[in-house]
Amino acid sequence: MGSSIGLGMSKKFWMMLMFRIGQGIGSGTIWSLGLGMLADIYPNDKLGAPVGTAWSMHSLGTLGGPVIGGVLYEYGGEMAIAWFMAGLSAACAILRFFIHDVSELVKLLNEKDEAAKIALANNELSVATEEQIGLQTKENGVSVQKNTGANDDSTPISASNTLQPQNNTTSVNRKKNLTMLDLIREPQIWICCFASSALFGVLGAIETILPIIATDRYNLTSAQIGFVFIALTIPNMLSAIIAGRITDSDRMSAIFGKSRKRFVVMLLGNCLTGIFCIILGLVNALVLFIIAGALLGFSAGVGAVPTIAAMAEHKETIGEGSNTQLYSLFNVGYSIAVLTVPIAGSAIFSATTPFITCLVAGLFLIVCSVISISWLIIRFRKTWK
């Protein structure tokens, strides 16, 4: 909140830089804590859907921010944006007081799952009772039905008769007080960080050169370029939700394995993003340019969401409270990528052509993803179920 107000009041570059760093620290903290809470609350096999929803809302903010900021700046100037950001920060801080503690949220989730299991068990028992198969025999002219079921008691099952849902806050023989170095040593963790960093770095590079391509090649105005970004962001929102639910599905677990499925989807999403990145620099028609951008945004959501969920797959083998550290590490990789890769992309763009830049960026993402994720899948092919 203070950084937003300070940024609006800044008159010198170094002041703007310092307050912008403050904003980055604050937003990174909120993002890491939010993802950590989701990983603490939801079991690993059901984490994809909530992460997909969170990522979709993140994309919505990315889409709405420039639009709202443009309107505020036009009618109120820099301080209008600063006060708006400060108000959002204050509202976020106030809402935090109304969020239940993680342990309470876990308890509520477990109670909901238990009630659903009991209802399902009672329904199955009722159907089985009504459809019991009997053998008809005649004894003294009377048809006697012999029940082949092992239990004809149709009394609803109570909570004590059903399997209790696993409380994902229970830890058995977990390591304690893990450091960032301990997390980096986990192959699944650093591969996720590496692959996601390549993805977000390439997206950052594309976002840097896309307005230049749109202006030079298609003579689009600033407002029209904004619509191009909308075409990229909306598919990203939709794919995040879809990818989260797909990776949570039992069918995906049956086909690829419970631990392997997220990395398969991640690899597919990153490779498709690289392909559409190359196509983006290749096409010459505006319609095809927008379609390629939309497909790129959709593919990026497919690659990003399983990455975040897959990192939590290891929370059964790492210490308590490490989920926040986990996603802090994710943010570190993200920050380094969006700082370095766009700079390299801009240098290539200045020295070559838009197509060469998109080609190098797309191949970089494809090669990094195929080598890293394939190596991980091969290494754990015998231990992953």
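Residues numbered from 1 in each chain as written. Predicted model: local features only at pLDDT ≥ 70, side-chain atom pairs only at ≥ 80, totals over all residues. Heavy atoms only, no water.

An unreviewed UniProt entry annotates the chain as Putative MFS-type transporter originating from Zancudomyces culisetae. According to the UniProt record, the Subcellular location (unreviewed entry) comment for the chain is "Membrane". (UniProt positions renumbered as here; feature names shortened; annotations may be inferred.)

1. As for the nonpolar core
Ranked by internal contacts, the top residues of the largest apolar core, which has 63 residues, are W55, I206, F263, F289, M311, Y327 and I373. Mapped by element, the contributors of at least two residues to this core are α2 (13-41), α3 (48-76), α7 (187-218), α8 (222-248), α10 (261-282), α11 (286-311), α12 (322-351) and α13 (354-379). With 16 residues, α7 is the largest single contributor of residues to this core. Beyond its immediate stretch of four places on either side in the chain, I206 contacts C277, L280 and C358. (Core = buried A, V, L, I, M, F, W, Y, C linked by side-chain atoms within 4.5 Å. Buried < 20%, exposed > 50% of the residue type's maximum accessible area, 1.4 Å probe, protein only. Helix = DSSP H or I, 4+ residues; strand = E, 2+ residues; numbered from the N terminus. Contact = heavy atoms within 4.5 Å.)

2. Examining the packing of aromatic side chains
Evaluated as defined, the whole model comprises four aromatic pairs. Pairing F200 with F330 gives two aromatic rings, centres 5.9 Å apart and planes at 90°, and the pair type is edge-to-face. Of this pair, F200 sits in helix α7 while F330 is found in helix α12, placing the two residues 130 residues apart along the sequence. Accessibility classification places F200 together with F330 in one group, the buried group. With 5.1 Å between their ring centres and 75° between their planes, F200 and Y334 make a pair best called edge-to-face. Here F200 is found in helix α7, whereas its partner Y334 is found in helix α12, with 134 residues between them in sequence. Residue classification places F200 among the buried residues on the basis of a relative accessible area of 5%. When its relative accessible area of 32% is taken as the criterion, Y334 is described as partly exposed. (Phe/Tyr/Trp six-rings, centres within 6.5 Å; stacked < 30°, edge-to-face > 60°.)

3. Focus: the side chain of T273
Mapped onto the fold, T273 is located in helix α10. What T273 contacts, discounting residues up to four positions off in sequence, is L199, L203, L296, S299, A300 and L365.

4. Concerning unusual backbone geometry
Backbone geometry at N219 places phi at a positive 55°, although glycine is not the residue there. Looking at the secondary structure, you find N219 in the loop between α7 and α8.

5. A look at the environment of G226
Along the polypeptide, G226 turns up in helix α8. On the basis of relative accessibility, which here comes to 30%, the residue G226 falls in the partly exposed class. For the pair formed by G226 and P211, sequence separation is 15 residues and the distance between their alpha carbons is 8.9 Å.

6. Some remarks on the UniProt feature "transmembrane region" (unreviewed entry) in the chain
According to UniProt, the "transmembrane region" (unreviewed entry) feature falls on residues 21-42, 80-99, 189-213, 225-243, 263-283, 289-312, 324-348 and 354-378. For the annotated span residues 263-283, helix accounts for 95% and strand for 0% of the residues, and the straight-line distance between the end C-alpha atoms is 30 Å. End C-alpha to end C-alpha, residues 289-312 measures 36 Å, and it is 96% helix and 0% strand.

7. Quick notes on the environment of N44
When you line up the elements, N44 lands in the loop between α2 and α3. On the basis of relative accessible area, N44 is assigned to the buried category, the value being 10%. Taking the C-alpha atoms as reference points, N44 and D248, 204 residues apart in sequence, are found 8.9 Å from one another.

8. So, a nonpolar patch on the surface
The grouping of F13, W14, L17, M18, I21 and I25 at the surface amounts to a nonpolar patch, some 700 Å² of accessible area in total. Structurally, I21 is set in helix α2. Here I21 falls in the partly exposed class, since its relative accessible area comes to 43%. (Patch = residues over 30% accessible without salt bridge, like charges linked within 9 Å, V, L, I, M, F, W, Y side chains within 5 Å. Areas by Shrake-Rupley, 256 points an atom, 1.4 Å probe, with all protein chains shown as cover. Salt bridge = Lys/Arg side-chain N within 4 Å of Asp/Glu carboxyl O.)

9. As for the pattern of salt bridges
Using the criterion set out here, one finds one salt bridge in the structure. The residue R262 makes a salt bridge to D248 at a minimum N-O spacing of 3.5 Å. Taken together, the residues span a long stretch of sequence, with R262 in helix α10 and D248 in helix α8 at a distance of 14 residues. When sorted by exposure, R262 lands in the same class as D248, which is buried.

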